[in-house]
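# Inside the fold
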Amino acid sequence: EAGVAQSPRYKIIEKRQSVAFWCNPISGHATLYWYQQILGQGPKLLIQFQNNGVVDDSQLPKDRFSAERLKGVDSTLKIQPAKLEDSAVYLCASSLDPTRWGIGFFGPGTRLTVL
Amino acid sequence: DAKTTQPPSMDCAEGRAANLPCNHSTISGNEYVYWYRQIHSQGPQYIIHGLKNNETNEMASLIITEDRKSSTLILPHATLRDTAVYYCIVRVMAGNMLTFGGGTRLMVKP
């Protein structure tokens, strides 16, 4: 079974530029999550999708971050404009059954550096 | 979701059992204990979870105290590949958000 795919793996941009990350979840997984992990800290949930609907985006900085999952499969996370403090690893995860999150799967992440 | 407390780091000799503690004194009756680990440069990996009974799978054992205020993850024969940050998380089964704390950085040494 293929895992969660993310691209790019690394991205370096200057502050005030825009950037987008892509995630392809495991086939058939209705629930998709985006996490932000700052160096030395645990991952922090940004947004959760159930199919193509948003379940929880309470910790998403909506003035600069946006995410979509138009067809209920792939998802993109965008930052516009980026700030220095956005430097982090952005992790995508998916789950077959949202009531059993403990068996969700994470992708390798995209490491963003904002200069 | 209840807050958890873990030691920031631990060492373990290769081949020995690694016992990683977690305190969750404010855990509610319907909250489960989950353990994840994150190997360097990879996404977190699910290990095990439990409610009140001890659990065992091919990766580890989870021991939960009778009052459920603490738990211990046991890696019975640690290998160098088990070097990682281990996160203890408590949440309701049907809850959405998974809140990670700082975790325990386990270093397995030869």
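Thresholds, definitions, all that
Sequence order sets the numbering: in each chain, residues are counted from 1 along the sequence as written. Working convention: letters from A go to chains and numbers from 1 go to ligands, in the order in which they are written. In keeping with the predicted nature of the model, local features appear solely for residues at pLDDT of at least 70, side-chain atom pairs appear and are counted solely at 80 or more, and the whole-chain, interface and lining totals rest on all residues. Only heavy atoms go into the side-chain values, all of them from the structure, while hydrogens and water stay out. Salt-bridge detection follows one rule: a side-chain nitrogen of Lys or Arg within 4 Å of a carboxyl oxygen of Asp or Glu. The way it works is that DSSP assigns letters per residue, a run of H or I at least four long becomes a helix, a run of E at least two long becomes a strand, and they are numbered from the N terminus. A 1.4 Å probe rolled over the protein chains alone gives each residue an accessible area, and that area as a share of the maximum for its type sets the label: buried under 20%, exposed over 50%, partly exposed in between. The criterion for strand pairing is that DSSP finds at least two bridges linking the strands in question. Here pLDDT means the predictor's own confidence in every residue, given as a number from 0 to 100. Here, a disulfide means two cysteine sulfur atoms that sit within 2.5 Å of each other.

### Brief notes about the pattern of salt bridges
Under the criterion given, the structure shown has four salt bridges over all chains. A salt bridge links Asp86 of chain A to Arg64 of chain A; its shortest N-O distance comes to 2.5 Å. Taken together, the positions of Asp86 of chain A in the loop between β8 (75-79) and β9 (88-95) and Arg64 of chain A in the loop between β6 (53-56) and β7 (65-68) put the pair 22 residues apart, joining distant regions of the chain. The class of Asp86 of chain A is buried, set by a relative accessible area of 2%. For Arg64 of chain A, a relative accessible area of 12% translates into the label buried. With its nearest N and O atoms 2.8 Å apart, the salt bridge here joins Arg37 of chain B to Asp82 of chain B. Separated by 45 residues along the polypeptide, Arg37 of chain B in strand β3 (residues 31-38) and Asp82 of chain B in the loop between β7 (70-75) and β8 (84-92) bring together distant segments of the chain.

### Comments concerning the sheet that holds strand β5 (residues 55-56) of chain B
Residues and elements named next belong to chain B. In spatial order, the strands read β2-β7-β6-β5; together these four strands make up an open sheet with antiparallel pairing. Because the sheet does not close on itself, it has two edges, and the strands there are β2 (18-23) and β5. As paired elements, strand β6 (residues 61-64) and β7 share four bridges and run antiparallel to each other. Each bridged residue has a counterpart across the sheet, and for Ile63 the counterpart in β7 is Thr72.

### Quick word on the confidence of the model for chain A
Model confidence for chain A is summarised by a mean pLDDT of 91, while 94% of its residues fall at 70 or above. β6 of chain A is the least confidently modelled element of chain A, averaging 88 in pLDDT, while β8 of chain A averages 98, the highest of any element.

### Here we look at the pairing of β3 of chain B
Residue and element names in this part refer to chain B. The buried count for β3 comes to seven of eight residues, which makes it a mostly enclosed element. Direction of pairing for β3 relative to strand β4 (residues 45-50): antiparallel, over a ladder of five bridges. Residue Arg37 lies in a different strand from β4, and its bridge partner there is Gln45. Counting the residues in the hairpin turn of β3 and β4 gives six residues, including Ser41, whose phi is positive at 70°.

### What about the state of the cysteines?
Residue and element names in this part refer to chain A. A full pass over the atoms with the stated rule returns two disulfides over all chains. Two residues share a disulfide in this structure: Cys23 and Cys92, whose sulfurs sit 1.9 Å from each other. Between Cys23 and Cys92 the disulfide shows an S-S torsion of about -70°. By sign, it is left-handed. Remark: Cys92 occurs in strand β9 and Cys23 occurs in strand β3 (residues 19-24); sequence separation between them is 69 residues.

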